[in-house]
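# Overview (structure and organization)
One-letter residues, chain by chain:
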Amino acid sequence: TRRALIRRLLDGGVNWIDTAQNYGDGRSEEALGWLLAELPAAERPYVSTKFTLDLANLDDIPGQIEAALAGSLNRLGMDRVTLYQLHNPLGEGSLDIEHVLRPGGVCDALDGLRQRGLIGHTGFTALGDPAQCRQLIESGRMASAQVYYNLLNPSAGQPIGDGWSTSNFDGLIEACADNGVAVMNIRTFAAGVLASPIEHGREIPITANAELAIEQARARQVFDLLGDRYGSGAQTALRFGLANAGVSCIVIGLAELAHLEEALAGAAMGPLPDEAIEQLRPLWASDFAE
């Protein structure tokens, strides 16, 4: 099944696979390692992976990152990755921006790995405090940002109302465009809530006040308006991301070959048209008030 998946995504035009050291405790990287090793070098997609810092051990950030990368490269069976990304959210109670930008911090450590040829580019996951995410984007130290953006929370790329009750990502897509930072759109399916009304057991909202029942209710409001005129729920959600010119790529997860076929067919439909997005603006302006 995994071999068939790799073959189909390559045939479908997908040229990038994103993983992380903590996806399945390394099993995702291990699986990619043997799968990609079976392909001719010229056919292999780009690979990005991510590291998560232990906040109790920030005295040696370079050592942590180097050890994490060594483990990832070993599991992947590679001597370098195209993109290496910080996975910790930023802000109070997590990883503060000071640890990222200070001398000897995350950015300096990543620059050293890049100079040694172990990584091609550096990026981060733009979750946590939006102000700190913006500061990192504006620092010029990162080539890419994984930005939360979907039909239920479009705040990274669309205007919202003053009473917005969940995380406000405060125009981060525009900030990336202004600073030459690539946007990898994450959570386009809102952990699956937008893709299907059938629960798969891993729907874990990660934004403020966004309980699963609230997310599901908001998804119903979206599709009460749009129906199936723009494809399935997953296809409509995917096309929404494609409609933002500031998005460089969309990172999706899937569990079955059929999910890949559905996504490829959705991408072939093209970006969600303006008229559909205009229908949703009252929902966003009212914070989904009934």
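The structure we're discussing is the one just above.
Below you will find a few notes about this structure. Predicted model, so just to flag it, every value in this text is computed and none were measured. (Residues numbered from 1 in each chain as written. Predicted model: local features only at pLDDT ≥ 70, side-chain atom pairs only at ≥ 80, totals over all residues. Heavy atoms only, no water.)

## Re the environment of Phe-51
Here Phe-51 lies in strand β2 (residues 46-51). Measuring from C-alpha to C-alpha, the distance between Phe-51 and Gln-21 comes to 6.0 Å, with 30 residues separating the pair along the chain. Apart from residues lying up to four places away in sequence, Phe-51 is in contact with Gln-21, Ile-65, Ala-68, Tyr-84, Gln-85, Leu-86, His-87, Asn-88, Val-106 and Leu-110. (Helix = DSSP H or I, 4+ residues; strand = E, 2+ residues; numbered from the N terminus. Contact = heavy atoms within 4.5 Å.)

## So, the packing of aromatic side chains
Taken as a whole, this structure holds six aromatic pairs when the rule is applied. Their ring planes at 35 degrees and their centres at 4.9 Å tell us that Phe-51 and Tyr-84 sit as a pair that is tilted. One end of the pair, Phe-51, is in strand β2; the other, Tyr-84, is in strand β3 (residues 81-86), with 33 residues separating them in the sequence. By relative accessible area, Tyr-84 is classed as buried at 0%. An angle of 50 degrees between the planes, with centres 6.4 Å apart, marks the rings of Trp-164 and Phe-288 as tilted. Remark: Phe-288 occurs in the segment after α11 (274-285) and Trp-164 occurs in the loop between β5 (144-148) and α7 (172-178); sequence separation between them is 124 residues. Pair check on accessibility: Trp-164 and Phe-288 agree, each one buried. Here the aromatic cluster, defined as three or more aromatic residues joined through ring pairs, consists of Tyr-149, Phe-240 and Trp-284. (Phe/Tyr/Trp six-rings, centres within 6.5 Å; stacked < 30°, edge-to-face > 60°. Buried < 20%, exposed > 50% of the residue type's maximum accessible area, 1.4 Å probe, protein only.)

## Focus: the pairing of β3
Across the six residues of β3, six count as buried, placing the element largely inside the fold. As defined by bridge partners, β2 adjoins β3 across four bridges and the pair is classed as parallel. When the bridges of β3 are listed, Lys-50 appears paired with Gln-85. Strand direction decides the pairing type here: β3 and strand β4 (residues 119-125), joined by five bridges, are parallel. Counterpart to Leu-83 in the pairing with β4 is His-121. (Pairing = 2+ DSSP bridges.)

## Examining the packing of helix α1 (residues 2-11) against helix α10 (residues 257-269)
At a minimum axis separation of 10 Å, α1 and α10 run at an interaxial angle of 5 degrees. When the axis of α1 is compared with that of α10, the two are roughly parallel. Packed against α1, whose contacting residues are Ala-4, Leu-5, Arg-8 and Leu-9, the element α10 presents Leu-257, Leu-260, Glu-261 and Leu-264 at the interface. When the residues that make up the contact of α1 with α10 are grouped by side-chain class, the tally is six nonpolar, no polar and two charged. (Axes fitted to C-alpha atoms, helices over the stretch in contact; angles between N-to-C directions. Parallel < 35°, antiparallel > 145°, perpendicular 65-115°, else oblique. Nonpolar A, V, L, I, M, F, W, Y, C, P; charged D, E, K, R; others polar.)

## Thoughts on the packing of helix α2 (residues 27-37) against helix α3 (residues 61-76)
Here α2 crosses α3 at 45 degrees, and the two axes come no closer than 6 Å. Taken together, the axes of α2 and α3 are oblique relative to one another. Of the residues in α3, those in contact with Glu-29, Glu-30, Leu-32 and Gly-33 of α2 are Ser-72, Arg-75 and Leu-76. Of the residues belonging to the contact of α2 with α3, the class tally is two nonpolar, two polar and three charged.

## Side note on unusual backbone geometry
Of note, the phi angle at Asp-170 is positive, near 50 degrees, even though the residue is not glycine. Backbone geometry at Phe-288 places phi at a positive 60 degrees, although glycine is not the residue there. The exposure class of Phe-288 is buried, given its relative accessible area of 5%.

## Notes on the side chain of Arg-218
Along the polypeptide, Arg-218 turns up in helix α8 (residues 212-226). Side chain to side chain, Arg-218 and Asp-287 meet in a polar contact 2.9 Å long. If sequence neighbours within four positions are ignored, Arg-218 has contacts with Leu-152, Trp-164, Ser-165, Thr-166, Asp-287 and Phe-288. (Polar contact = N/O pair within 3.5 Å; in protein donor to acceptor, adjacent residues only side chain to side chain.)

## A word on the sheet that holds β4
Think of a sheet as strands paired side by side through backbone hydrogen bonds, with each pair either parallel or antiparallel. Strands sit in the order β1-β2-β3-β4-β5-β6-β7 across an open sheet of seven strands; the sheet is parallel. Looking at which strands have only one partner, the edges of the open sheet turn out to be β1 (16-18) and β7 (249-250). Relative to β5, β4 runs parallel, the two being bridged by three bridges. Note that in β5 the partner of Phe-124 across the bridge is Ala-145. In the packing of α3 onto the sheet, the strands contacted are β2, β3 and β4, and the crossing angle to β3 comes to about 135 degrees.

## Regarding the nonpolar core
Nonpolar side chains in soluble globular proteins tend to be buried together. Counting residues in hydrophobic clusters, the biggest one holds 78 residues, and the most contacted among them are Ile-65, Val-106 and Phe-124. The element best represented in this core is α3, accounting for six residues. Here Ile-65 is in contact with Phe-51, Leu-53, Tyr-84, Val-106, Ala-109, Leu-110 and Leu-113, once residues within four sequence places are set aside. (Core = buried A, V, L, I, M, F, W, Y, C linked by side-chain atoms within 4.5 Å.)

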